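Breakdown of the fold
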Amino acid sequence: VKVVLVNDSNCQDCFKLDGFLAMIEKENVKFTEQKVVDWKSAEGKALVEKYKIEKIPAVILSGEINKNVKLKNAWPQMGEIIDDSFVLRQSAAPYIEVATGETKGKVEIFLLRDDSCKDCYDVMEHQKVLGRGFGMPVENIKVLPVGSGEGLALKNKYGIILLPTFVLKGDVAAYVDLVKIWPQVGTVEKDGAYVFREGVKQMGAYKNMMTGMVVKPVVTTSTVQ
């Protein structure tokens, strides 16, 4: 299989497709050629037009793409076949929107914790969920004690009651899977911020800032008769 990666060399924040290519290789696929093309170059523009590419980075696979039955069945869920080449459509954010040239999916992540609550679940669990579960870049997360100036400002601004929690600001809408479940776990504020609220109760022990009480998960036991 030949690989053409269409990217923007200036977009350091853009999602990396290394994981996707590694997944393909694990299916006993050999990459005979790998080529990187900037989407603003003449060749890049031609590829964008030919394959109707809407998001950068993008990847195009050609060659024996249907020899592996598992991958052949997976292509329709991940992208589209055009002129016997597979074009990835389900690329994650952050990405560049071709129509506007704008970077989509830039998000600020604020983890809010109460250092006085020793029994509360580890607020860093949210880093794992947001990164692995929803593909958010989590390298520059800001962890804030609720007693700090910035932490207290977030608590008061959004009326946060349950801790630990997190607040997302920026282009959260680019993370479609997260947006789908959000009404079940949090709220979207007037300024566009996403505040994790009801979902706190599913994470483990937490503190109710109104009552000052730490709420621990109920442990159920079953009796074998």
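Residues numbered from 1 in each chain as written. Predicted model: local features only at pLDDT ≥ 70, side-chain atom pairs only at ≥ 80, totals over all residues. Heavy atoms only, no water.

Every disulfide links exactly two cysteines, by a covalent bond between their sulfur atoms. Under the definition given, this model contains 2 disulfides. The disulfide partner of Cys11 is Cys14, and the gap between their sulfur atoms is 2.1 Å. On the sign convention where negative is left-handed, the bridge of Cys11 and Cys14, at about 90 degrees about the S-S bond, is right-handed. For the pair Cys11 and Cys14, one class covers both residues: buried. (Disulfide = S-S within 2.5 Å. Buried < 20%, exposed > 50% of the residue type's maximum accessible area, 1.4 Å probe, protein only.)

The subject of this paragraph is helix H3 (residues 69-78). Two residues of an α-helix separated by three or four positions point the same way, owing to the 3.6 residues in each turn. What H3 keeps buried is the set Leu71, Trp75 and Met78. Seen from one end, H3 has its buried residues packed into an arc of 85 degrees, which puts them on one side. Facing away from the buried surface of H3 by more than 90 degrees, the exposed residues are Val69, Lys70, Pro76 and Gln77. Residues of H3 that are buried make contact with helix H1 (18-25), strand E4 (58-62), strand E5 (79-82) and strand E6 (85-88). Regarding H3, its N-cap is Asn68, as a side-chain oxygen of that residue lies 2.9 Å from the backbone nitrogen of Lys70 further along. (Helix = DSSP H or I, 4+ residues; strand = E, 2+ residues; numbered from the N terminus. Arc of directions from axis to C-beta. Contact = heavy atoms within 4.5 Å. Polar contact = N/O pair within 3.5 Å; in protein donor to acceptor, adjacent residues only side chain to side chain.)

So, on to the pattern of salt bridges. Side-chain pairs of opposite charge can arise where the charged atoms are in close proximity. If you walk through the whole model with that rule in mind, you get 14 salt bridges. Among the salt bridges present, the one from Glu64 reaches Lys67, with a minimum N-O distance of 3.8 Å. As far as burial versus exposure is concerned, Glu64 and Lys67 are alike and both exposed. In this structure, Lys128 engages Glu125 in a salt bridge whose closest nitrogen and oxygen atoms are separated by 3.3 Å. Of the two residues, Lys128 and Glu125 are both situated in helix H4 (residues 125-134); the distance of 3 residues between them amounts to about one turn of the helix. By relative accessible area, Glu125 is classed as partly exposed at 30%. (Salt bridge = Lys/Arg side-chain N within 4 Å of Asp/Glu carboxyl O.)

Take the packing of aromatic side chains next. Going through the model one piece at a time under the given rule, you end up with 6 aromatic pairs. On the basis of an interplanar angle of 25 degrees and a centroid distance of 6.4 Å, the ring pair of Phe20 and Phe86 is categorised as stacked. Residue Phe20 is found in helix H1, and its partner Phe86 is found in strand E6; the two are separated by 66 residues along the sequence. Exposure class is identical for Phe20 and Phe86. Each is buried. Chaining the aromatic ring pairs together yields one cluster made of Phe166, Trp182, Tyr194 and Phe196. Here the guanidinium or amino end of Lys55 rests over the ring plane of Tyr95, the centre of that ring lying 4.7 Å away. (Phe/Tyr/Trp six-rings, centres within 6.5 Å; stacked < 30°, edge-to-face > 60°. Lys NZ or Arg CZ within 6 Å of the ring centre and 35° of its normal.)

The subject of this paragraph is the nonpolar core. Counting 24 residues, the largest nonpolar core has Ile109, Leu130, Met136, Leu168 and Leu178 as the members making the most contacts within it. Of all hydrophobic cores here, the second largest spans 17 residues; its members include Val1, Val3, Leu21 and Ile65. (Core = buried A, V, L, I, M, F, W, Y, C linked by side-chain atoms within 4.5 Å.)

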